[in-house]
Amino acid sequence: MHPLGRPTLRQICAFTYRTSAKPSFVQYRFASNNSSQQAEPSSPPEASVTASTESKGKEKLQEAGASKSSSEDAPLPLLPKPLGVRSRPKAKVKSWDDTKEKFLDQDKRLEERTHLAREATRGYFTDLNATRRHGGKTWIAPKVMIREDKALYFPDIFGTPLVGKDKVHTTNLLAGKVSVVTLLTTRISELQTAQFVEPTQSSFSSHPLYQRVQINLQDNLMKSFLVSLFASGIRKTLPEELWPTYLISSQSMEYLREPLGIANRHVGYVYLVDPKLKIRWAGCADPKAEEIAALRTCTSVLLDRSSKEQESGNPAPAEHVQEHNSN
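Numbers given to residues run from 1 along each chain, matching the order in which its sequence is written. In keeping with the model being predicted, local features are shown solely for residues with a pLDDT of at least 70 and side-chain atom pairs are shown and tallied solely at 80 or more, while totals for entire chains, interfaces and linings include all residues. To obtain the side-chain values, all non-hydrogen atoms of the structure were used and water was disregarded.

Some remarks on the nonpolar core
Quick reminder of the rule: As used in this record, nonpolar core signifies buried Ala, Val, Leu, Ile, Met, Phe, Trp, Tyr and Cys residues forming a set joined through side-chain atoms within 4.5 Å. Relative accessibility under 20% of the residue-type maximum defines a buried residue, over 50% an exposed one, and the middle range a partly exposed one, all with a 1.4 Å probe and only protein chains included. Counting from the N terminus, the helices are the DSSP runs of H or I reaching at least four residues and the strands are the DSSP runs of E reaching at least two.
Phe 154, Val 181, Leu 183, Ile 215, Leu 260, Tyr 269 and Tyr 271 are the most contacted members of the largest nonpolar core, which has 30 residues in total. Looking at this core, the elements with two or more residues in it are helix H6 (170-174), strand E3 (178-184), strand E4 (210-217), strand E6 (269-273) and strand E7 (279-284).

This is the structure we're talking about:
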């Protein structure tokens, strides 16, 4: 500056340039800051796509969970069809000639192929996991008997009784009797079938045409050997009059599960078989009160008809209960 304190012309020009340029600089910075602040809230397109995908995934999971819970809570259907095999069984063990005939028959080969394809899609724990839904129960027993002309035959199953060592075939054991047949595989199945049968057993155990048949099925050879080894323990839990009709069987049920309606091998199955070896009623798993009553009623009706047939030698007319017409 000038010694007297007055600025020179050069200093005045420099000061004027700085003060005139500063507002534009400040305004520029402020505008750029506003533009950046306004651009910040907008998210990139990748984030929005990810968020929409996650929301859709959650919706699908919720729908799947809802459908699964609704299927588990859905009511069980009635027995959809008569159970059993179409041909009258024979009391004999399958021979090589039967096996050869099976492989030479085209229809039987197609059935074998269908069976293998069905079994290949089943997991090892399928039956065990199925017990979580309705306790393994897959159908409700009918309240009335299956008509005789619609009913199918109980297949031949052989096993060793608790008395004696000779093999016994169900074809011979069931003929001429009204039989309540139970299939046992586990301890749970024993408890379930006992609940089914006890009222019927206590009501008709003294009837000459009635019998209770229990078949302990262990198609695994090791399990079958262990059950046979501890047969004496089974005798202690049963009345002596039931020993001849308690069979321990190692017969393979691979091709009889579907005809007998065995959808779960861990639960018990009950069949009412008439003197002609036809299945007239069936139940499975944990019994309901109406199923227990239905077994007792159907057994009573079948015993009355069989008694009249024996006395007159002619088929007795249908009475007391309406028969179940399964197509």
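Structural notes on the packing of helix H7 (residues 187-204) against helix H10 (residues 289-312)
Counted only if it meets this: Axis definition: a line fitted to C-alpha atoms, limited for helices to the stretch in contact. Angles are taken between N-to-C directions and run from 0 to 180 degrees. Crossing handedness is defined as follows: a turn of the near helix away from the far one that is anticlockwise and smaller than a right angle gives a left-handed crossing, while the clockwise case is right-handed. Throughout, a contact is declared for two residues whenever any of their heavy atoms are within 4.5 Å. Residues are sorted three ways: Asp, Glu, Lys and Arg are charged, Ala, Val, Leu, Ile, Met, Phe, Trp, Tyr, Cys and Pro are nonpolar, and all the rest, Gly among them, are polar.
Look at H7 against H10: their axes get within 8 Å of each other, and the N-to-C directions meet at 35°. The way H7 lies across H10 gives a crossing that is right-handed. Listed contacts from H10 to Gln 195, Phe 196, Val 197, Pro 199, Thr 200, Ser 203 and Phe 204 of H7 are Glu 291, Ile 292, Leu 295, Arg 296, Thr 299, Ser 300 and Leu 303. Grouping the constituent residues of the contact of H7 with H10 by class yields seven nonpolar, five polar and two charged.

Focus on unusual backbone geometry
Despite not being glycine, Leu 277 has its phi angle at roughly 75°, a positive value. Along the chain, Leu 277 turns up in the loop between E6 and E7. We note that Ala 285 has phi near 55°; this positive angle belongs to a residue other than glycine. Among the structural elements, Ala 285 can be located in the loop between E7 and H10.

What to know about the sheet that holds E6
To be explicit about the condition: Note on pairing: two strands pair once DSSP finds at least 2 bridges between them.
Read from one edge of the open sheet, seven strands run E2-E1-E5-E4-E3-E6-E7, paired in mixed fashion. Strand pairing shows two members of the sheet lacking a second neighbour, strand E2 (168-169) and E7, which therefore form its edges. Pairing between E3 and E4: seven bridges, direction parallel. Across the sheet, residue Val 180 finds its bridge partner in E4, namely Arg 212. In the packing of H7 onto the sheet, the strands contacted are E3, E4, strand E5 (246-249), E6 and E7, and the crossing angle to E3 comes to about 165°.

Quick notes on the packing of aromatic side chains
Stated formally: Working definition: rings of Phe, Tyr and Trp (its six-membered ring) pair if their centres are within 6.5 Å, and the pair is stacked with planes under 30 degrees apart, edge-to-face with planes over 60 apart, and tilted otherwise. Placement of a positive charge over a ring is assigned whenever Lys NZ or Arg CZ falls within 6 Å of the ring centre and within 35 degrees of the normal to the ring plane.
Taken as a whole, this structure holds four aromatic pairs when the rule is applied. Between Phe 154 and Tyr 271, the ring centres sit 5.8 Å apart and the planes meet at 65°, which makes this aromatic pair edge-to-face. Here Phe 154 is found in the loop between helix H5 (126-130) and strand E1 (158-161), whereas its partner Tyr 271 is found in strand E6, with 117 residues between them in sequence. The same class applies to Phe 154 as to Tyr 271, namely buried. Aromatic side chains Phe 196 and Trp 281 sit 6.1 Å apart centroid to centroid with 75° between the ring planes, which places their arrangement in the edge-to-face category. Residue Phe 196 is found in helix H7, and its partner Trp 281 is found in strand E7; the two are separated by 85 residues along the sequence. Comparing Phe 196 with Trp 281 shows no difference in burial state: the two are buried. Here Lys 278 stacks its cationic end above the ring of Tyr 153, 5.5 Å away from the centre of that ring.

A closer look at the confidence of the model for the protein chain
This is how the line gets drawn: One number per residue, pLDDT, summarises how confident the predictor is, and it ranges from 0 to 100.
Confidence in the prediction for the protein chain averages 78 pLDDT; 62% of positions are at 70 or higher. Within the protein chain, helix H1 (residues 9-39) has the poorest average pLDDT of any element, 49, and E6 the best, 98. Note that pLDDT drops below 50 for residues 20-41; the model gives that stretch zero contacts with residues more than four away or on any other chain. Segment residues 316-322 is flagged for pLDDT under 50; beyond a separation of four residues in sequence, or across chains, it makes 16 contacts in the model.

Notes on the pattern of salt bridges
What counts here: Here, a salt bridge means any Lys or Arg side-chain nitrogen found within 4 Å of an Asp or Glu carboxyl oxygen.
Under the counting rule described, the total for this entry stands at six salt bridges. Taking the shortest distance from any N to any O, the salt bridge between Lys 137 and Glu 291 comes out at 3.0 Å. With a gap of 154 residues between them, Lys 137 in the loop between H5 and E1 and Glu 291 in helix H10 connect regions that are remote in the sequence. Ionic pairing is found between Asp 274 and Arg 280, a salt bridge with its closest N-O pair at 3.2 Å. Comparing Asp 274 with Arg 280 shows no difference in burial state: the two are buried.

A short note on the pairing of E7
Side-chain direction in a regular strand flips from residue to residue, so the side chains alternate between the two faces of the sheet. Of all six residues making up E7, six are buried, and the element is well covered by its neighbours. Of the pairings in the sheet, the one linking E6 to E7 comprises five bridges and is antiparallel in character. Its bridge partner being in E7, Tyr 269 is matched across the sheet by Cys 284. Here E6 hands over to E7 after five residues, with Leu 277 in that stretch at a positive phi of 75°.

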